[in-house]
Amino acid sequence: MIANSIPYMVLAFNIQNVLIGGAFVGVLGLILGVALGIVGKVFFVKVDEREGQVRECLPGNNCGGCGYAGCDGLAAAIAKGEAPVNGCPVANAEAHAKIGEIMGQAVDAAEKKVAFVKCSGTCDKTERKYNYYGLSDCRKAMSVPGSGDKLCSYGCLGFGSCVDACQFDAIHVVDGVAVVDKEKCVACGKCVSTCPKALIELIPYGAPQAVACSSKDKGKDVRVACKTGCIGCMICTKQCETGAITVTDNLAKIDYEKCNGCGKCAEKCPQKIIIAR
Amino acid sequence: MKELILILIGSALVNNVVLSQFLGLCPFLGVSKKTKTAASMGFAVIFVIMIASAVTYAVHYQILVPLGMEYMQTIVFILVIAALVQMIEMMLKKVSPAIYSALGVYLPLITTNCAVLGVAITNIQDGSTFAESMMNSLGTSTGFLIAIVIMAGIRERLEGNDIPKPFRGMPIVLITAGLMAIAFCGFSGII
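Along every chain, residues carry numbers that run from 1 in the direction the sequence is written. Following the order in which they are written, the chains are lettered starting with A and the ligands numbered starting with 1. Per-residue local features are limited, in this predicted model, to residues with pLDDT of at least 70; the limit for side-chain atom pairs, both in listing and counting, is 80 or more; totals at the level of whole chains, interfaces and linings are taken over all residues. Excluded from the side-chain calculations are hydrogens and water; all other atoms, namely the structure's heavy atoms, are used.

## Considering the overall build of chain B
Helix numbers and strand numbers start at the N terminus; a helix is a DSSP run of H or I with at least 4 residues, a strand a run of E with at least 2. The helix and strand tally for chain B stands at nine helices and zero strands. Tracing chain B from N to C terminus, the helices and strands come up as α-α-α-α-α-α-α-α-α. A simple rule labels every residue: compare its accessible area, found with a 1.4 Å probe on the protein chains alone, to the largest value its type can have, and call it buried under 20%, exposed over 50%, or partly exposed in between. Each of the 191 residues in chain B was classed as buried or not, and the buried ones make up 47%. Of the roughly 9,400 Å² that chain B leaves accessible, carbon and sulfur atoms contribute 70%. Each accessible area is a Shrake-Rupley result for a 1.4 Å probe, and residues are judged covered by the shown protein chains and nothing else.

Structure follows, in C-alpha cells:
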C-alpha cells in the first residue's frame, strides 16, 4: 500500500517552486555579495599594518592600565606615534623591545612596579567606630560621616572595592585590610584609582622597605586610633644613611630613588610600621 | 497624525519589544552592564532598525509582491538586513570615525537580532503604510532604548548589593527583567 503511494509522496509539492525559490535566494545572495564587495572597496579604510604587529606583542588583557581603550586602542596609538613604545605597564621588557623594533625606536627598560597598600590597620590593631550596615563598597562607605567606619579616618575600610577592580586577582582583603600579592600584580593602576582614600601606591618591585601607613594625624591621635601607625617621631629620618626617608605631615615617606636598602629605618621604628619586603 | 503618535507610544511602551514581545533579549541581557554602553547600544539599535525596516518595506512591496514571492519574506529579509548592516558599518567606518568608535562595535551584534527582523515582519503583517511602518520602527527601537537603559541602571545599583550566592550573575538579571516586564504591563490600558 505504502509502496504504491511513494511516487505520489515525492510529487506532493511542486518542485518548480522550490527551484525558483532557491534560484531567487541564490541570485539575491550574489547581488548582495557583489554590492558588499563594491562598498568595501569604495569605503576602504587604510589600516597601518604596524598596528596589527604591535597588537600581537601586547598581552591582550584589555585592562586599560595604559589609559587607552584596551589593547587595540593602545596598538593604534603606538602605531600613530601618540603613545610611548613602552606604554603598556603589563607587558614585560621583551615585549617592549619587540614593539620598539616594529616602530623603529629604541626602548629604555621601564622598572617593574607593583602596588602597595599603605595601611596596616588589621582587625587586631584597630577598631571600627560604629556598626556599618550599608553597601559593601569602600566608595559608598566613604559617604558616611567620618570617612567610613574605621577608627583611623585614613585607614583601609576593607570592603574590597580594589579587589573588584583588580583583573589579575592580585589584591585581597586579609584581616580587614587590603593586601597586594606582588607576584601577581602587574601595576595596571586600577586599584590605585579605585581606592577612595588613595591608600595604594605603585612602588618598585624591588623596593626593600615600605611605610605601611597613610595617617597624617599627630602621634597622640594615631596611637588612639591604631596600635601600629606612623606617629611622625622622625627616628627613621635620623637613622637613614642616604636621606631617603622624610617625614611630612606626621607621616614618613620613602623616596625610592635614594633608598639603598640598609634597613636601619625599619629596625629602629618604634611602631614597627616600616615593613621589609 | 494622531494615529502616528498613538503608534509611537504604543510600540514604545505598551508593546515594548523586549518586555512585552520578548524579542532582542540577547543584547538586552548582554550589553546592559553599564548605562553608557547600554545607551550607545540603544542608539545603534534605533539607527539599524529605522534603516532596516525602510529597506525591507521597499524590498517587500517593490520586489517580492510583484514577483508573487511573499513566501520568501523571512529568508530574504534576513539576507537583506545582514548585508545592509555590514554596508552601514563599512560606510560609517570611513565617513564618520567618531560615530564608528562610539557605536560601531555594536553593529555586528545587531545584525541578526530578532528584534530587527521582528519589526520588519510586523510592519508587513499589519499592512501599514510607509509612514506607519516608520513610526512603528521608531517606537519599537525607542522602547528598546528605554528598556535597556533602565536595566543598566538597575544592574549598576545591584553591583554593590549583597546578593545570595545562587542568584549572582545572570539569575538576578533575569528576575529583574521579569519584574520590569510585569511593571510595563501597567501601560497596557493606555491605548
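## Considering the nonpolar core
In terms of nonpolar packing, the biggest core is built from 58 residues, with A:Leu58, A:Ile99, A:Ile171, A:Ile200, A:Ile245 and A:Ile274 touching the most fellow members. With residues up to four places along the chain from it excluded, the contact list for A:Ile245 reads A:Val211, A:Cys236, A:Thr237, A:Cys240, A:Ala252, A:Lys253, A:Ile254, A:Cys265 and A:Ile274. To define a nonpolar core, start from buried Ala, Val, Leu, Ile, Met, Phe, Trp, Tyr and Cys residues and group those joined through side-chain atoms within 4.5 Å. Counting residues in hydrophobic clusters, the runner-up holds 56 residues, among them A:Leu28, B:Val45, B:Val48 and B:Ala147. Contact criterion: two residues are considered in contact whenever any of their non-hydrogen atoms come within 4.5 Å of each other.

## Quick look at the packing of helix α3 (residues 35-67) of chain B against helix α4 (residues 73-95) of chain B
Residue and element names in this part refer to chain B. In contact at an axis separation of 10 Å, α3 and α4 are set at 135° when each is read in the N-to-C sense. Here α4 runs oblique to α3, going by the angle between their axes. The way α3 lies across α4 gives a crossing that is right-handed. For the pair α3 and α4, contact is made by Phe47, Val48, Ile51, Ala52, Val55, Thr56, Val59, His60 and Leu64 and by Gln73, Val76, Phe77, Val80, Ile81, Leu84, Val85, Ile88 and Leu92, respectively. For every element, the axis is a line fit to its C-alpha atoms; helices are fit only across the contacting stretch, and the angle between N-to-C directions ranges from 0 to 180 degrees. Orientation is classified from the angle alone, with under 35 degrees giving roughly parallel, over 145 giving roughly antiparallel, 65 to 115 giving roughly perpendicular, and any other angle giving oblique. Crossing handedness: left-handed means the near helix sits turned counterclockwise from the far one by under a right angle, and right-handed means the same turn made clockwise.

## Description of the environment of A:Leu251
All names here are of chain A. With respect to the helices and strands, Leu251 occurs in strand β7 (residues 251-254). Accessibility expressed as a relative area gives 14% for Leu251, which makes it buried. The spacing of Leu251 and Met234 is 17 residues in sequence and 8.9 Å in space, taken between C-alpha atoms. Residues contacting Leu251, with those up to four places away along its chain left out, are Cys213, Ser214, Ser215, Cys230 and Thr246.

## Some points on the environment of A:Gly60
All names here are of chain A. By the secondary structure assignment, Gly60 is in the loop between α3 (49-57) and α4 (70-80). Along the primary structure Gly60 and Asp72 are separated by twelve residues, whereas in three dimensions their C-alpha atoms are 8.4 Å apart. Leaving out residues up to four positions away in the same chain, Gly60 has contacts with Arg55 and Cys71.

## Examining the pattern of salt bridges
Residues and elements named next belong to chain A. Each reported salt bridge corresponds to a side-chain nitrogen of Lys or Arg within 4 Å of a carboxyl oxygen of Asp or Glu. On inspection of all chains with the given rule, the structure shows five salt bridges over all chains. Between Asp137 and Arg139 there is a salt bridge, with its nearest N and O atoms 3.6 Å apart. Since its relative accessible area comes to 8%, Asp137 is described here as buried.

## Quick look at α4(B)
Helix span, expected: 1.5 Å multiplied by one less than the number of residues in the helix. Compared with the 33 Å implied by 1.5 Å per residue over 23 residues, the 32 Å span of α4(B) between its first and last C-alpha is a close match. Among the residues of α4(B), those classed as buried are B:Gln73, B:Val76, B:Phe77, B:Val80, B:Ile81, B:Ala83, B:Leu84, B:Val85, B:Met87, B:Ile88, B:Glu89 and B:Leu92. Its buried side turned inward, α4(B) meets α2 (15-42) of chain A together with α3, α5 (97-103), α6 (107-110) and α7 (114-125) of chain B.

## Comments concerning helix α5 (residues 93-103) of chain A
Residue and element names in this part refer to chain A. Those residues of α5 lying buried are Ala95, His96, Ile99, Gly100 and Met103. The buried side chains of α5 occupy one side of the element, clustering within an arc of 140° when seen end-on. Along α5, the residues that are exposed and aim more than 90 degrees away from the buried face are Glu94 and Glu101. Looking at the packing, one finds that the buried side of α5 touches α3 and α4. Working note: the arc is built from the helix axis to C-beta atom directions.

## Describing the confidence of the model for chain B
Taken as a whole, chain B shows an average pLDDT of 90; of its residues, 100% reach a score of 70 or greater. In the predicted complex, the global pTM is 0.67; the interface-specific ipTM is 0.76. How sure the predictor is of each residue is captured by pLDDT, a score from 0 to 100.

## Considerations on the packing of aromatic side chains
Note on ring pairs: Phe, Tyr and Trp rings are taken, using the six-membered ring of Trp, and paired if centres are within 6.5 Å. Classes follow the plane angle, with under 30 degrees stacked, over 60 edge-to-face and the rest tilted. Applying the stated criterion to the full structure yields four aromatic pairs over all chains. Each residue in the set B:Tyr57, B:Tyr61 and B:Phe130 is aromatic and connected to the rest through ring pairs, giving one cluster. Between the NZ or CZ atom of A:Lys182 and the centre of the ring of A:Tyr205, over which it lies, the distance is 5.2 Å. We call a charge positioned above a ring when the Lys NZ or Arg CZ atom is no farther than 6 Å from the ring centre and deviates by at most 35 degrees from the ring normal.

## As for the interface of chain B and chain A
Across the contact, 20 residues belong to chain B and 17 residues belong to chain A. The quantity reported as buried area is the accessible area (1.4 Å probe) lost by two parts once they are put together, taken as the sum for both. Between chain B and chain A, the buried area comes to about 1,600 Å², and carbon and sulfur atoms account for 84% of it. The largest per-residue losses of area from chain B upon contact with chain A belong to B:Met87, B:Met90 and B:Lys94, which jointly make up 29% of the total buried on that side. Taken together, chain B and chain A are joined by zero salt bridges. Polar contact is defined as a pair of N or O atoms within 3.5 Å, subject to the rule that within protein one atom must be able to donate a hydrogen and the other to accept it, and that residues adjacent in sequence are counted only when both atoms are side-chain atoms. For the pair chain B and chain A, the interface holds one residue pair in polar contact (both at pLDDT 80 or more). Residue assignment for the side of chain B that touches chain A shows that the elements contributing at least two residues are α3 and α4 of chain B. Tallying contributions element by element places α4(B) first for the side of chain B that touches chain A, with twelve residues. Classifying every residue of the side of chain B that touches chain A by side-chain character gives 15 nonpolar, three polar and two charged. Under this grouping Gly is polar, as are all residues other than the nonpolar Ala, Val, Leu, Ile, Met, Phe, Trp, Tyr, Cys and Pro and the charged Asp, Glu, Lys and Arg.

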